[in-house]
Amino acid sequence: MNQLSIKETVKNYIQQEFLYDKPELELNDDSLLIEEEIIDSLGIFVLISFLDEQFQVKVEPQEVIAENFATLDVITSFVENKLA
Amino acid sequence: MKLNLKIMNINNPQFEVGIIGGGPAGSTLASYLSQANISCVVFEREIFPRPHVGESLVPATNRVFKELNFLETMEQAGFPHKYGAAWTAYNNKIYSHNFEGMPPDYAVDIRFDEQKTSESISNYTYHVDRGKFDQMLLEHAEKLGATVYQGVRVTNIQFSENENPKIFTSQDDKTRETSVRLVVDASGRRTILGSQLNLKIKDPVFNQFAIHTWFEGFDRGETEQKDYTFIHFLPISNSWIWQIPISETVTSFGVVTQKEHFSKKKQEREEFFWDCVKTQPKIYDKLKQAKQLRAFKEESDYSYGMKQFCGDGWILVGDAARFVDPIFSSGVSVALNSARFASHDIIRAFQEGNLDQGKFRRKHFEQYESILKRGTKNWYEFISLYYRLNVLFTRFVFDPRHRLDVIKLLSGDVYDQDEPSVLQEMRKIVTEIEQNPNHLLHKLLGNLTANAFNPS
Ligand SMILES: Cc1cc2nc3c(=O)[nH]c(=O)nc-3n(C[C@H](O)[C@H](O)[C@H](O)COP(=O)(O)OP(=O)(O)OC[C@H]3O[C@@H](n4cnc5c(N)ncnc54)[C@H](O)[C@@H]3O)c2cc1C
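Summary of the structure given here. (Residues numbered from 1 in each chain as written. Chains lettered and ligands numbered in written order. Predicted model: local features only at pLDDT ≥ 70, side-chain atom pairs only at ≥ 80, totals over all residues. Heavy atoms only, no water.)

Thoughts on the overall build of chain B
Item 1. Helices and strands together make up the secondary structure of chain B, namely 13 helices and 20 strands.
Item 2. In chain B, buried positions account for 60% of the 456 residues.
Item 3. Carbon and sulfur atoms make up 47% of the accessible area of chain B, which amounts to about 18,500 Å² in all. (Helix = DSSP H or I, 4+ residues; strand = E, 2+ residues; numbered from the N terminus. Buried < 20%, exposed > 50% of the residue type's maximum accessible area, 1.4 Å probe, protein only. Areas by Shrake-Rupley, 256 points an atom, 1.4 Å probe, with all protein chains shown as cover.)

Digging into the site of the ligand
Residue and element names in this part refer to chain B.
Item 1. Inspection of the region around the ligand gives 40 residues, with E44, H52, S56, D319 and V332 positioned closest.
Item 2. A distance of 2.6 Å is found between an oxygen atom of the ligand and a side-chain nitrogen or oxygen belonging to E44.
Item 3. The separation between a nitrogen atom of the ligand and a polar main-chain atom of S56 is 2.7 Å.
Item 4. Contact with the protein chains hides 97% of the accessible area of the ligand, taken as 990 Å² for the molecule alone.
Item 5. Residue assignment for the shell around the ligand shows that the elements contributing at least two residues are α1 (24–35), β2 (40–44), β8 (153–158), β14 (240–245) and α9 (331–352).
Item 6. Sorting elements by how many residues they give to the shell around the ligand places α9 first, with three residues.
Item 7. Across the shell around the ligand, the residue classes tally to 18 nonpolar, eleven polar and eleven charged. (Near = heavy atom within 4 Å. Polar contact = N/O pair within 3.5 Å; in protein donor to acceptor, adjacent residues only side chain to side chain. Nonpolar A, V, L, I, M, F, W, Y, C, P; charged D, E, K, R; others polar.)

With respect to empty space enclosed by the protein
Residue and element names in this part refer to chain B.
Item 1. Using the criterion set out here, one finds two cavities of 30 Å³ or more in the structure.
Item 2. There is about 100 Å³ of room inside the largest cavity.
Item 3. If you trace the largest cavity, you find it lined by R322, F323, V324, D325, S330, G331, V334, T376, W379, Y380 and I383.
Item 4. With four residues, helix α10 (residues 366–388) is the single largest residue contributor to the lining of the largest cavity.
Item 5. In the lining of the largest cavity, the residues fall into six nonpolar, three polar and two charged. (1 Å grid on protein atoms, 1.4 Å probe; cavity = no way out; pocket = protein on both sides within 12 Å on 5 of 7 lines; lining within 4 Å. Points joined across faces, edges and corners; volume = space filled by probe spheres on them.)

Points about helix α12 (residues 403–411) of chain B
Item 1. Within α12(B), burial applies to R403(B), V406(B), I407(B), L409(B), L410(B) and S411(B).
Item 2. Positive backbone phi, approximately 100 degrees, marks G412(B), located one or two places after α12(B).

In structure tokens:
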């Protein structure tokens, strides 16, 4: 899976799952997902399950930190590193 | 009312078992004992029906209703069936926009019929008007053979080595005494015996406060969940509103919060209730149009444990033994099931004829003690974890790997295992989040800690 498709897949998912009622909100690669509460607390769990199902990426509890989830870019490299 | 005041010897008390309180715990125990032909007397200080908090049941009560041939009576009474419970998020920053209206999300609904255990005989349970329910159950005990006195208050118990325990009662300023072989305290939060014997320990963690009343004409909507118990989260921590259907048209509402929130603000109580409801504007608008049927009632200092559940000549059941918190509607189920477990030990002692020179000793209740300890410990852990991080609970309900285990707990099935694995799993995650200040959920940890409080 190449970089575009990981990023695109996650982006599509976030849009469908968390922004379905906010079509006007533009989601950029560096939008602050957590800080701006695009993804809320329950959403973090939901996203982690998605990463597992989609990419078979297991997220350890100590990895659930802003460094790995702050933006779409960050999530993408986190997933890439896990898959490498 | 006439009590036999003859002084009797130790082998011949007036009643084998004397029960303080005719609430759900007392009348359930009296029913089980009567079914087994063991003579018992119930002293209830009020004249029923009387109002009482605790209107939403869980499916584990069905087992007791069935064993007592009471299910049909429940059906005939027409109490609303409770097929599940729903949680709605409050409209603050954390939860406001993302999940609204999207199942399964903030309105997490749980249907009990997914869980098929011996505990859940039907796939639903009931919402009850406690005035009516408690009266029905007490009358049932009487019908089965229990002697029931209403309007009679127990004032004191006397234990002595050479005589049967004596229960002192008062009615219209007249004092009487009744000898029994065993005293059962089912006096609810009045904890008559626990207080007299100095067994009571205030819970060091939970200090919640509740204010509640009934409304007529609140529009519960037309969805499938309209007869569910609803929990509406409030933006102040560890606080929520219950919404419980009492009949087609009557709905019970209560606000539960940490006592400190309440006293700190020093507001009038009613104002506080309405301020809390206001944080859920949709509920507020509909509730303002409904008619309040009763004065507001308050409950406080209701979280405590006891150093012991039983001793020589006495045993505690229901709230008289322990109460923690109403969040999972466990109170009546614990009352009924603790009475059921207590009845097993009592009946066994009579059947095996192994009383100690006609006396009940603590050892006769070994099984009761260990089952109740286990059950209340599991409830306590579940409630603590929930208050510590309620998003985790929501997450587990969504997760197909855990959903059924959580539903099992919510049904009231807490007595069989030392610690259900789902609780261990939740505990593990909470600990990890607690230990990692950078964890994205760390800031969400509630200020009610999951410290173990194990008085008994
Ligand atoms: C805020 C709040 C909300 C709750 N919500 C729920 C809920 O939704 N669902 C649920 O299942 N539980 C709920 N509970 C818990 C529930 O109210 C109790 O667990 C339940 O009523 C316990 O039954 P019991 O028979 O042990 O005690 P009680 O129902 O309190 O009965 C005790 C009886 O003893 C009598 N009595 C007391 N002192 C004496 C005396 N000296 N002499 C003679 N009689 C006496 C009393 O009059 C009373 O009738 C809630 C509790 C609180 C505080």
